[in-house]
Amino acid sequence: EKQGFKHFMLKEIYEQPGVVRTCLENYLDEQWSPDSAAGPIKLGLDPSLFQDLERIQIVACGTSWHASLVGQYLLEQLAGVPTVVQYASEFRYAPTPLTPNTLTVGVTQSGETADTLAALEMEKQRRSELSDEFRPRLLGITNRPESSLSRLVPQIIDTHAGIEIGVAATKTFAAQLMAFYLLALDLTYQRQSQSPERLAAIIGELRTLPALLELVLESQERYVETLAHDFVETQDFIYIGRGINFPIALEGALKLKEISYIHAEGYPAGEMKHGPIALLDAKVPVVAIAMPGSVFEKVLSNAQEAKARDARLIGVTPMNEQEARETFDTLLPVPAVDEILSPLVTMVPLQLLAYHISAIRGLDVDQPRNLAKSVTVE
Ligand code: F6R
């Protein structure tokens with residue numbers, strides 16, 4: 001039941017700190033330190049999946065595809081494994097040429113999405129008669145280990161988010177992100193692709209995430225609700241981000257589209273000037289995700305370009321960043337965390353914004369028109 005929340009979606013947004021905590025409890029060794037004899041992450045997967053690993057390809061749809069893009073960033077930038085992400089519906093009809101020692105990861109919270117299952121089935125088939133280095137190595141990331149996915153793919157990371165009722169994915173997205181953090185950190189340890197100190201620092205900060213997410217929810221909810229009133233009549237939104245937060249811009253835009261029926265587009269901030277900037281005027285708000293780190297200044301300068309076109313600028317950024325405070329008209333403040341972990345905090349205000357705009361518009365938040373919770377047809 002909704003436990004006092006007006007909609008399941010809001011309840012599920014609030015469940016995210018718990019979802020992150022559960023993933024850490026299940027898969028992270030509490031006692032681990034860089035001096036430990038074994039690694040920090042216990043996913044319980046068959047080690048042969050990762051033997052001589054040269055490449056990872058990920059197939060998914062929708063929000064799971066966005067989580068996979070964050071996953072790609074982590075697998076490449078932390079673990080150093082070349083990774084590609086494909087829409088399952090594209091991959092199944094135009095598969096990438098076969099490469100050796102390749103892990104194929106299927107990401108589907110429901111475990112029932114037809115295109116994702118078909119892409120995995122195809123990969124299994126086309127590799128089944130080949131030599132050992134081309135053998136199929138399949139891994140599933142799902143919230144439903146009893147689903148069709150696990151009949152097809154025996155090796156699974158169960159995200160333990162609990163059943164999600166709102167059609168728009170929120171807590172299962174958080175859980176998928178966690179699965180990718182854990183997988184990437186495990187591979188980082190195995191491949192020694194980062195120093196033990198860096199690995200320990202990321203893990204240490206990851207442990208603080210549940211409490212930080214609670215803080216974001218407590219401090220933001222009322223505020224975002226008030227802000228949402230400003231956008232009841234808005235017809236178009238642009239979301240921009242770079243690096244690891246580019247997929248969060250896509251996800252923020254998708255949440256808004258799905259439940260409020262407002263046209264929204266997510267872009268890598270550096271791409272704005274190559275076309276979409278032509279859309280901007282005072283009627284098109286721009287939400288920019290600007291987190292301290294490798295692309296902070298770049299995002300701020302991209303945001304300023306939008307401001308010069310009279311767009312209302314909303315910044316998802318830490319409160320203590322003066323330059324950001326001066327750039328944005330409106331802030332959606334989030335805690336300052338290591339850039340690599342920032343998607344876990346930046347996703348929350350964007351979910352809340354989409355939720356409140358939809359609720360204020362009086363729409364059916366949990367069951368938006370034309371959408372189903374699992375897409376079991378092609
Ligand atoms: C977005 C949403 C959809 C799903 C997509 C894949 O809020 O819910 O885009 O993410 O249909 O679903 P799964 O993860 O079940 O394969």
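Higher on the page you've got the structure.
On a predicted model such as this, the values are computed, not experimentally measured, just so you know.

*Asks:* Pulling in residues and values, what's your account of the sheet that holds strand β2 (residues 83-87)?
*Replies:* Taking strand neighbours across the sheet as the criterion, the five strands line up as β2-β1-β3-β4-β5 in an open arrangement whose pairing is parallel. Each of the sheet's edge strands pairs with one partner strand only, and the pair in question is β2 and β5 (156-158). Taken pair by pair, the neighbouring strands of this sheet meet at an average axis angle of 20 degrees, ignoring direction. Where strand β4 (residues 138-142) meets β5, three bridges bridge the pair, whose relative direction is parallel. Within β5, the residue paired with T142 across the bridge is D158. Packing of helix α7 (residues 171-191) onto the sheet brings it into contact with β1 (55-60), β3 (102-107), β4 and β5, and relative to β4 it is tilted by some 140 degrees.

*Asks:* Could you give me a rundown of helix α12 (residues 343-360), with the residues and numbers involved?
*Replies:* With 18 residues, α12 should cover 26 Å at 1.5 Å per step; its first-to-last C-alpha distance of 26 Å lies within 8% of that length. Here α12 lies mainly inside the structure; 17 of its 18 residues are buried. Immediately beyond the C-terminal end of α12, within one or two residues, lies G362, with a positive phi of roughly 75 degrees.

*Asks:* So what about the packing of aromatic side chains? Which residues, and what values?
*Replies:* Counted under the stated rule, the structure contains five aromatic pairs. Ring centres 5.9 Å apart and planes at 35 degrees place the aromatic pair F237 and Y239 in the tilted group. Y239 carries the same exposure label as F237, and that label is buried. Through a chain of ring-to-ring contacts, three or more aromatic side chains come together here, namely F231, F237 and Y239. The aromatic ring of Y261 is capped on one face by R369, whose charged end is 3.8 Å from the ring centroid.

*Asks:* Can you lay out unusual backbone geometry for me, pointing to particular residues and giving the numbers?
*Replies:* With phi around 50 degrees, D52 is a residue other than glycine that occupies positive phi space. Assignment of secondary structure puts D52 in the loop between α2 (16-27) and β1. Positive phi, normally seen in glycine, also occurs at D310, with a value near 70 degrees. Within the secondary structure, D310 is located in the loop between α10 (296-307) and β9 (313-317).

*Asks:* Got a sec to walk through the site of the ligand? Specific residues and values, please.
*Replies:* The local shell around the ligand holds 14 residues, among which S64, T108, S110, T113 and E258 are the closest. Q109 is positioned with one of its backbone polar atoms (N or O) 2.8 Å from an oxygen atom of the ligand. Between the ligand and K255 there is a distance of 2.9 Å, counted from an oxygen atom to a side-chain nitrogen or oxygen. Starting from 410 Å² of accessible surface for the ligand in isolation, the protein chains cover 90%. Put simply, the parts of the chain that give the shell around the ligand at least two residues each are α3 (62-77) and α9 (246-260). Tallied by class, residues from the shell around the ligand come to five nonpolar, seven polar and two charged.

*Asks:* So, the environment of I56: which residues are in play, and what are the values?
*Replies:* Within the secondary structure layout, I56 lies in strand β1. Sequence spacing of I56 and S68 is 12 residues, and the spatial spacing of their C-alpha atoms is 11 Å. Excluding residues that lie within four positions of it along the chain, I56 makes contacts with L75, V81, P82, T83, V84, L103, V105 and L187.

*Asks:* Tell me about the side chain of T83, residues and numbers included.
*Replies:* Topologically, T83 is positioned in strand β2. Here V81 takes part through its backbone oxygen, which lies 2.7 Å from a polar atom of the side chain of T83. Once you skip the residues sitting within four places of it in the chain, T83 turns out to touch I56, I58, Q72, L75 and E76.

*Asks:* Which residues make up the pattern of salt bridges, and what are the values?
*Replies:* Considering all chains together, one arrives at 15 salt bridges under this definition. Among the salt bridges present, the one from R135 reaches D132, with a minimum N-O distance of 3.5 Å. Residue classification places R135 among the partly exposed residues on the basis of a relative accessible area of 22%. Here E225 ties to R222 by a salt bridge, and the two come within 3.9 Å at their closest N and O atoms. With a gap of three residues between them, E225 and R222 both fall in helix α8 (residues 196-228), about one helical turn apart. Given a relative accessible area of 30%, E225 falls into the partly exposed group. One salt-bridge network, held together by shared partners, links K11, E15 and K171.

What counts and how
- Residues numbered from 1 in each chain as written.
- Predicted model: local features only at pLDDT ≥ 70, side-chain atom pairs only at ≥ 80, totals over all residues.
- Heavy atoms only, no water.
- Pairing = 2+ DSSP bridges.
- Helix = DSSP H or I, 4+ residues; strand = E, 2+ residues; numbered from the N terminus.
- Axes fitted to C-alpha atoms, helices over the stretch in contact; angles between N-to-C directions.
- Contact = heavy atoms within 4.5 Å.
- Expected span 1.5 Å × (residues − 1).
- Buried < 20%, exposed > 50% of the residue type's maximum accessible area, 1.4 Å probe, protein only.
- Phe/Tyr/Trp six-rings, centres within 6.5 Å; stacked < 30°, edge-to-face > 60°.
- Lys NZ or Arg CZ within 6 Å of the ring centre and 35° of its normal.
- Near = heavy atom within 4 Å.
- Polar contact = N/O pair within 3.5 Å; in protein donor to acceptor, adjacent residues only side chain to side chain.
- Areas by Shrake-Rupley, 256 points an atom, 1.4 Å probe, with all protein chains shown as cover.
- Nonpolar A, V, L, I, M, F, W, Y, C, P; charged D, E, K, R; others polar.
- Salt bridge = Lys/Arg side-chain N within 4 Å of Asp/Glu carboxyl O.

Note that every value here comes from positions in space, so none of it alone points to a role or purpose.
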